[in-house]
Amino acid sequence: QVQLQESGGGLIQAGGSLRLSCAASGGTIGTYSMGWFRQAPGKEREFVAVITQAGLRTFYADSVKGRFTISRDNAENTVYLQMNSLRSEDTAVYYCAAARSTRYYNMANRYDYWGQGTQVTVSS
């Protein structure tokens, strides 16, 4: 059973940057694709980014492409989401998740483990 814990969220002005971390325990993330999702108030949880097991491939939602970067350090059992040029519409609770397969990576129900989330608020 893998436990995931996000950190790094907070209040930031538009145009600023934040780096989210997702630390895993109870298991190694090396065999999982790791994704980030977000959920804004009143909206469904949406896919943000995913990185494959060895970190060789990444995929992003169109809304964050060119601004966000996902990375992983399997030795540290940690995944990161670097968020630059933040906008007010990026305000949401951000969740990291682990999936045994990269197939259908943008679908939340394909992920096996989830963290509790970290709040990101971007003020305009």
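The numbering scheme is per chain: residues are counted from 1 as the chain's sequence reads. At least 70 in pLDDT is required for a residue's local features to be given in this predicted model, at least 80 for side-chain atom pairs to be given and counted, and no such filter applies to totals for whole chains, interfaces and linings, which use all residues. Hydrogens and water are ignored here; the side-chain numbers use all heavy atoms of the structure.

Engineer: Break down the side chain of Arg38 for me, citing the residues and quoting the values.
Structural biologist: Strands here are runs of E lasting at least two residues and helices are runs of H or I lasting at least four, both read from the DSSP assignment and numbered beginning at the N terminus. Its place among the elements puts Arg38 in strand 4 (residues 33-39). Pairing of N or O atoms within 3.5 Å defines a polar contact, subject to two protein rules: one partner must be a possible hydrogen donor and the other a possible acceptor, and residues neighboring in sequence count only if both atoms are side-chain atoms. A polar side-chain atom of Arg38 sits 2.5 Å from a polar atom in the side chain of Glu46. One polar contact links Arg38 to Ser63, side chain to side chain, over a distance of 3.5 Å.

Engineer: Lay out the packing of aromatic side chains with the relevant residues and their values.
Structural biologist: Between rings of Phe, Tyr and Trp, where Trp is taken as its six-membered ring, a pair exists when centres lie within 6.5 Å; planes separated by under 30 degrees are stacked, by over 60 edge-to-face, and by other angles tilted. All chains considered together, the criterion is met by eight aromatic pairs. Ring centres of Phe37 and Phe47 lie 5.7 Å apart, and the angle between their planes is 75°; this geometry places the pair in the edge-to-face category. Here the residue Phe37 occupies a position in strand 4, and Phe47 occupies one in strand 5 (residues 46-51), the gap between them amounting to ten residues. Considered together, Phe37 and Phe47 belong to a single accessibility category, that of buried residues. Taking 5.0 Å as the distance between ring centres and 80° as the angle between the ring planes, the aromatic pair formed by Phe37 and Tyr111 counts as edge-to-face. Taken together, the positions of Phe37 in strand 4 and Tyr111 in the loop between strand 9 (92-99) and strand 10 (113-114) put the pair 74 residues apart, joining distant regions of the chain. Across the pair, Tyr111 and Phe37 agree in class, each one buried. In textbook terms, an aromatic cluster arises when at least three aromatic residues are bridged by ring pairs, as seen for Phe37, Phe47, Phe59, Tyr95, Tyr105, Tyr111 and Trp114. Two conditions define a charge sitting above a ring: the NZ of Lys or the CZ of Arg must be within 6 Å of the ring centre, and it must be within 35 degrees of the ring normal. Over the ring of Tyr95 we find Arg45; its NZ or CZ atom is 3.8 Å from the centre of that ring. Only protein chains enter the accessibility calculation, which uses a 1.4 Å probe; a residue is then buried when its area is under 20% of its type maximum, exposed when over 50%, and partly exposed in between.

Engineer: If you had to explain unusual backbone geometry to someone new, which residues and values would you point to?
Structural biologist: Backbone geometry places Asn77, a non-glycine residue, at a positive phi of 60°. Despite not being glycine, Ser85 shows a phi value in the positive range, around 50°. Residue Ser85 is classed as partly exposed on the basis of its relative accessible area of 41%.

Engineer: Requested: an account of the pairing of strand 5, with residues and values cited.
Structural biologist: A large share of strand 5 lies buried, amounting to five of its six residues. Only strands joined by at least two bridges in the DSSP assignment are considered to pair. As judged from the five bridges shared by strand 4 and strand 5, these two strands associate in the antiparallel manner. Looking across to strand 5, one finds that Arg38 is bridged to Glu46. As paired elements, strand 5 and strand 6 (residues 58-60) share three bridges and run antiparallel to each other. In the sheet register, Ile51 faces strand 6, and the bridge partner there is Thr58. Taking the residues between adjacent antiparallel strands as the criterion, strand 5 and strand 6 are bridged by six residues, where Gly55 takes a positive phi near 80°.

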